[in-house]
Amino acid sequence: PKALSEQTLNRLMRAVYAGNNLRDIAIVELLVGTGIRVGELLDLKVGDLELKPRSGDVTVRRGKHGSYREIPLTVEVRKVLDTYLKDHKGKSDREAPLWRGQRGAIETRSAVIRMLEKYAIAARIEPIGPHVLRHTFATRYLNANPGDLRGLVDQVDEL
């Protein structure tokens, strides 16, 4: 499986942050930091996030094959999501779609793919899709936790 090297990931993240769009930053950080699928990302509601000062998780209610799981969030991802939610118009409605654009909820994979392509061009890297970020998460997880395949599977619900 193709995963981004740390150097390439750093270039992508610099481009994303340079774009200064809180939603895009939150989406990319969540994809890289959790390994969730793009379909799972798009299904998220405001209430699926549990953000606390010292912990937090995201609940995937309908993963592949209808699976349910809670994924812990790193400090960095929690901070970005917290900042994003402060500007979210539907932050008080737990059932509101988490990802919103100028014309309403973001519901299509193509919107995420176009966003990633835009930042890949800005970072001067090859175009990437969201699944590459899923593999990047898995590679980084296994580098940090050698041999912990069970922990990885619990996080990503099968690759």
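Residues numbered from 1 in each chain as written. Predicted model: local features only at pLDDT ≥ 70, side-chain atom pairs only at ≥ 80, totals over all residues. Heavy atoms only, no water.

So what exactly am I meant to see when it comes to the pairing of strand β3 (residues 69-72) here?
Taken residue by residue, a regular strand's side chains alternate between the two faces of the sheet. Where burial is concerned, the two faces of β3 differ: the one with Arg69 and Ile71 is buried and the one with Glu70 and Pro72 is not. Strand direction decides the pairing type here: strand β2 (residues 56-60) and β3, joined by 4 bridges, are antiparallel. By the bridge assignment for β3, Val58 is matched with Ile71. (Buried < 20%, exposed > 50% of the residue type's maximum accessible area, 1.4 Å probe, protein only. Helix = DSSP H or I, 4+ residues; strand = E, 2+ residues; numbered from the N terminus. Pairing = 2+ DSSP bridges.)

It is not clear to me how the pattern of salt bridges should be interpreted in this structure. Could you clarify?
Any two side chains of opposite charge can pair, given that their charged atoms come close. Evaluation of the coordinates by the stated rule reveals 8 salt bridges. Residues Glu126 and Lys2 are paired through a salt bridge, measuring 3.8 Å at the closest nitrogen-oxygen approach. Pair noted here: Glu126 is in the loop between α5 (109-123) and α6 (130-144) and Lys2 is in the segment before α1 (6-18), with a separation of 124 residues, a long-range link. In this structure Glu126 comes out as exposed when scored by relative accessible area, which is 59%. Its relative accessible area of 47% is what places Lys2 among the partly exposed residues. Close ionic contact of Glu40 with Arg69 constitutes a salt bridge, the shortest N to O distance being 3.0 Å. Taken together, the residues Glu40 in helix α3 (residues 38-43) and Arg69 in strand β3 connect sequence positions 29 residues apart. In this structure Arg69 comes out as buried when scored by relative accessible area, which is 7%. Overlapping salt bridges, with partners in common, bring together Arg23, Asp24 and Lys118 in one network. (Salt bridge = Lys/Arg side-chain N within 4 Å of Asp/Glu carboxyl O.)

So what exactly am I meant to see when it comes to the side chain of Asp24 here?
Inspection of the secondary structure assignment puts Asp24 in helix α2 (residues 22-34). Not counting residues up to four positions away in its chain, the partners in contact with Asp24 are Val16, Met115, Lys118 and Tyr119. (Contact = heavy atoms within 4.5 Å.)

For this particular structure, what's the right way to read the layout of surface pockets?
The gaps left among the atoms become clear once a water-sized probe is rolled over them. Put simply, the second largest pocket is a space of about 290 Å³. In terms of lining, the second largest pocket is formed by Asn21, Leu22, Arg23, Tyr84, Asp87, His88, Lys89, Arg100, Gly101, Gln102 and Gly104. When contributions to the lining of the second largest pocket are tallied by element, the ones reaching two or more residues are α2 and β4 (100-101). For the lining of the second largest pocket, the class distribution of residues is 2 nonpolar, 5 polar and 4 charged. (1 Å grid on protein atoms, 1.4 Å probe; cavity = no way out; pocket = protein on both sides within 12 Å on 5 of 7 lines; lining within 4 Å. Points joined across faces, edges and corners; volume = space filled by probe spheres on them. Nonpolar A, V, L, I, M, F, W, Y, C, P; charged D, E, K, R; others polar.)

Hey, could you run me through the pairing of β2 in this one?
Extensive coverage of β2 is indicated by the burial of 5 of its 5 residues. The antiparallel hairpin formed by strand β1 (residues 49-51) and β2 contains 4 residues in its connecting segment.

Hey, could you run me through α1 in this one?
The periodicity of an α-helix, 3.6 residues per turn, causes residues three or four positions apart to be oriented the same way. In this model α1 runs 18 Å from its N-terminal to its C-terminal C-alpha over 13 residues, within 8% of the 18 Å that 1.5 Å per residue would give. Of the positions making up α1, those classed as buried are Leu9, Leu12, Met13, Ala15 and Val16. Buried residues of α1, seen end-on, are gathered within an arc of 160° and therefore sit on one face of the element. Seen from the open side of α1, the exposed residues pointing more than 90 degrees away from its buried face are Gln7, Arg14 and Ala18. On the buried face of α1, the contacting elements are α2, α5 and α6. Just downstream of α1, Asn20 is the residue with a positive phi angle, here 55°. (Expected span 1.5 Å × (residues − 1). Arc of directions from axis to C-beta.)

Looking at this structure, how should I read the sheet that holds β1?
Two strands in a sheet stick together by hydrogen bonds in their backbones, pointing the same way (parallel) or opposite ways (antiparallel). A sheet is described by the order of its strands in space; here 3 strands give the open sequence β1-β2-β3, paired in antiparallel fashion. Pairing within the sheet leaves two strands with one partner each, and these edge strands are β1 and β3. Direction aside, the axes of adjacent strands within the sheet are offset by 20° on average. Sheet strands touched by helix α4 (residues 75-86): β1 and β2. Its angle to β1, the strand with the most contacts, is close to 110°. (Axes fitted to C-alpha atoms, helices over the stretch in contact; angles between N-to-C directions.)

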